[in-house]
Amino acid sequence: MNEPNDTDHTAKYLEQAVELATRNVGAGGGPFGALVVTADGRVHEGVNRVTLDNDPTAHAEVVAIRAAATAIANYDLQGAVLYASCEPCPLCLASALWARIDRVYFAADRHGAAAAGFDDAVFYEYFDGTRPELLPVTRSDIPSSHAPFQAWGDFAGRKEY
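Named according to an unreviewed UniProt entry, the protein chain is Guanine deaminase originating from Pseudarthrobacter oxydans.

This is how it looks when you write it as structure tokens:
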């Protein structure tokens, strides 16, 4: 696979992601497309399927990550690169982090998405701490709060991740 800083390589994959996103609109999906290129050079596609599947987590990047992990039969995508038609939202960035993806490239930004009616930009405000009212999150400690972690620590057959 070419180095991540190969500009022509990056532009090629970003063009493919944009093309996927554009085609997806005609198929009834959202205007987002993504590719995960795994360390072995294979390309795994994803398009936004939120409204098609009634799944708020079916963002293009997440769909592409799921496809790549399934194809290589491993949740760890270290060595992979994510190419997205638009700046990944916090959900997609967190998914890329959990997948251990090495690098992310994107074409359009969150402001373009907001201008088209998508609220990604406000989610960034939430994570910046400037809009906590969007989703109040409160810890309520109960006596059994740590029981799942104790069970995990005691389980000899666990698969670390």
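K.L.:
Quick question: what am I supposed to make of the layout of surface pockets here?
P.N.:
One number sums up the size of the largest pocket: a volume of about 430 Å³. Considering the residues around the largest pocket, the lining is formed by 21 residues, among which H59, C89, D119, D120 and F123 are closest to the centre. For the lining of the largest pocket, the secondary-structure elements that each account for two or more residues are α3 (60-72), α4 (90-98) and α6 (120-128). Its residues placed into classes, the lining of the largest pocket shows 14 nonpolar, 3 polar and 4 charged.

K.L.:
Hey, could you run me through the pairing of strand β1 (residues 33-37) in this one?
P.N.:
Residues in a regular strand project their side chains so that they alternate between the two faces of the sheet. For β1, the buried fraction is high: 5 of the 5 residues fall into the buried class. Because side chains alternate across β1, one face comprises the buried residues G33, L35 and V37, and the other comprises A34 and V36, equally buried. Relative to strand β2 (residues 43-47), β1 runs antiparallel, the two sharing 5 bridges. Bridge pairing links V36 to H44 in β2. The turn joining β1 and β2, which pair antiparallel and follow one another in sequence, is formed by 5 residues; a positive phi near 90° is taken by G41. By the bridge criterion, 4 bridges tie β1 to strand β3 (residues 81-86) in an arrangement that is antiparallel. In the strand pairing of β3, A34 is matched with A84.

K.L.:
Help me understand the sheet that holds β3 in this model?
P.N.:
For sheets, the rule is that strands pair by backbone hydrogen bonds, running either parallel or antiparallel. Here 4 strands make up an open sheet; going across it, the order is β2-β1-β3-β4 and the pairing mixed. A single partner strand is all that each edge strand has here, and the edge strands are β2 and β4 (103-108). When strand polarity is set aside, the average angle formed by the axes of neighbouring strands in this sheet is 15°. In this fold α3 packs onto β1, β2 and β3, with an angle of close to 145° to the strand it touches most, β2.

K.L.:
What am I meant to see in the packing of aromatic side chains here?
P.N.:
All told, the structure shown has 7 aromatic pairs when counted by the stated rule. Each ring, one from Y126 and one from F127, has its centre 5.2 Å from the other, and the planes form 85°; the classification is edge-to-face. Ring geometry for W152 versus Y161: centroids 6.3 Å apart, planes at 80°, classification edge-to-face. Here W152 falls in the partly exposed class, since its relative accessible area comes to 35%. Each member of the aromatic cluster is reached from another via a ring pair, and the members are Y75, W98, W152 and Y161. Sitting over the face of the ring of Y124, R110 holds its NZ or CZ atom 3.5 Å from the ring centroid.

K.L.:
What is the right way to look at the pattern of salt bridges in this model?
P.N.:
Per the counting criterion, the structure on display carries 9 salt bridges. Of the charged contacts, one joins E125 and R131 as a salt bridge, the two residues approaching to 3.4 Å between their closest N and O atoms. For E125, a relative accessible area of 33% translates into the label partly exposed. Here the salt bridges share partners, and the residues they tie into one network are E125, R131 and E133.

Conventions and cut-offs
- Residues numbered from 1 in each chain as written.
- Predicted model: local features only at pLDDT ≥ 70, side-chain atom pairs only at ≥ 80, totals over all residues.
- Heavy atoms only, no water.
- 1 Å grid on protein atoms, 1.4 Å probe; cavity = no way out; pocket = protein on both sides within 12 Å on 5 of 7 lines; lining within 4 Å.
- Points joined across faces, edges and corners; volume = space filled by probe spheres on them.
- Helix = DSSP H or I, 4+ residues; strand = E, 2+ residues; numbered from the N terminus.
- Nonpolar A, V, L, I, M, F, W, Y, C, P; charged D, E, K, R; others polar.
- Buried < 20%, exposed > 50% of the residue type's maximum accessible area, 1.4 Å probe, protein only.
- Pairing = 2+ DSSP bridges.
- Axes fitted to C-alpha atoms, helices over the stretch in contact; angles between N-to-C directions.
- Contact = heavy atoms within 4.5 Å.
- Phe/Tyr/Trp six-rings, centres within 6.5 Å; stacked < 30°, edge-to-face > 60°.
- Lys NZ or Arg CZ within 6 Å of the ring centre and 35° of its normal.
- Salt bridge = Lys/Arg side-chain N within 4 Å of Asp/Glu carboxyl O.

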